[in-house]
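Summary of the model geometry
Now for the letters of each chain:
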Amino acid sequence: QKEVEQNSGPLSVPEGAIASLNCTYSDRGSQSFFWYRQYSGKSPELIMSIYSNGDKEDGRFTAQLNKASQYVSLLIRDSQPSDSATYLCAPAKGSNYQLIWGAGTKLIIKP
Amino acid sequence: DTAVSQTPKYLVTQMGNDKSIKCEQNLGHDTMYWYKQDSKKFLKIMFSYNNKELIINETVPNRFSPKSPDKAHLNLHINSLELGDSAVYFCASSSTQDQPQHFGDGTRLSIL
């Protein structure tokens, strides 16, 4: 079992719809979770961080965390073509909070 | 003002050469990282320094040697470059180990 699993996609979503990105992780001790966006040829860019169970909203983005199910998700409302990118899920593990990176989900927003 | 800057952006060199990549952050962060992203796009941690102390040293060939002269700088030296070293190398920093990481633009290394 991979430490972090994400659907590689591509996930195609019509413009204006809600994009839902999912991630499961294996380390029950993980306490910090991060979503990054990476455009092709660019560096990863932080979208959201979440530390507690439940939902965390920031503009059009909502992160959801369920530690019991070892599941974290990212919802993007009113999807825009500029949201087309690869989204990386990264839980932190261990005393050094080392990020364990998923392979990423490629999201395509169709105008 | 660039927060995390890496030089050079592109590095094309031949097998067997030795090269260095430099990283500087002006965010006042305590922790810095080196990552490798290969052609399959997997991000792999290589090294992490906290206040100039090495805290993460993943299974990386000893041809790779990091050096942190101060909190704001983390350099990566690579000896005897091999074809498999071709990748994008990202430097990142975070205020403390448990906080979000901020990435530099990357150094694209190509080995001929």
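Residues numbered from 1 in each chain as written. Chains lettered and ligands numbered in written order. Predicted model: local features only at pLDDT ≥ 70, side-chain atom pairs only at ≥ 80, totals over all residues. Heavy atoms only, no water.

A few points about the state of the cysteines
Residue and element names in this part refer to chain B. Short version of the rule: Criterion for a disulfide: a pair of cysteine sulfur atoms at a distance within 2.5 Å. Under the DSSP-based scheme used, a helix requires at least four consecutive residues in state H or I and a strand at least two consecutive residues in state E, with every element numbered from the N terminus.
In the structure shown here, the tally under the stated rule is two disulfides over all chains. Two residues, Cys23 and Cys91, share a disulfide whose sulfurs are 1.9 Å apart. Between Cys23 and Cys91 the sulfur-sulfur dihedral comes to about -75 degrees; the bridge is accordingly left-handed. On the criterion of sequence distance, the pair formed by Cys23 in strand β3 (residues 19–25) and Cys91 in strand β9 (residues 87–94) is long-range, its members being 68 residues apart.

Structural notes on empty space enclosed by the protein
All names here are of chain A. Our working definition: Residues are said to line a cavity or pocket when one of their atoms sits within 4 Å of a point; the points come from a 1 Å grid over protein atoms alone, cavities being sets where a 1.4 Å probe fits but cannot get out and pockets being open sets with protein on both sides within 12 Å along at least five of seven lines. Grid points are joined across faces, edges and corners, and a volume is the space filled by probe spheres set on the points. Put simply, Ala, Val, Leu, Ile, Met, Phe, Trp, Tyr, Cys and Pro go in the nonpolar bin, Asp, Glu, Lys and Arg in the charged bin, and everything else, Gly too, in the polar bin.
Applying the stated rule across the entire model yields one cavity of 30 Å³ or more. Considered as a void within the structure, the largest cavity measures approximately 50 Å³ in volume. If you go around the largest cavity, the residues you meet are Glu3, Val4, Tyr25, Ser26, Asp27, Ser30, Pro91, Lys93 and Ile100. Partitioned by chemical class, the residues of the lining of the largest cavity number four nonpolar, two polar and three charged.

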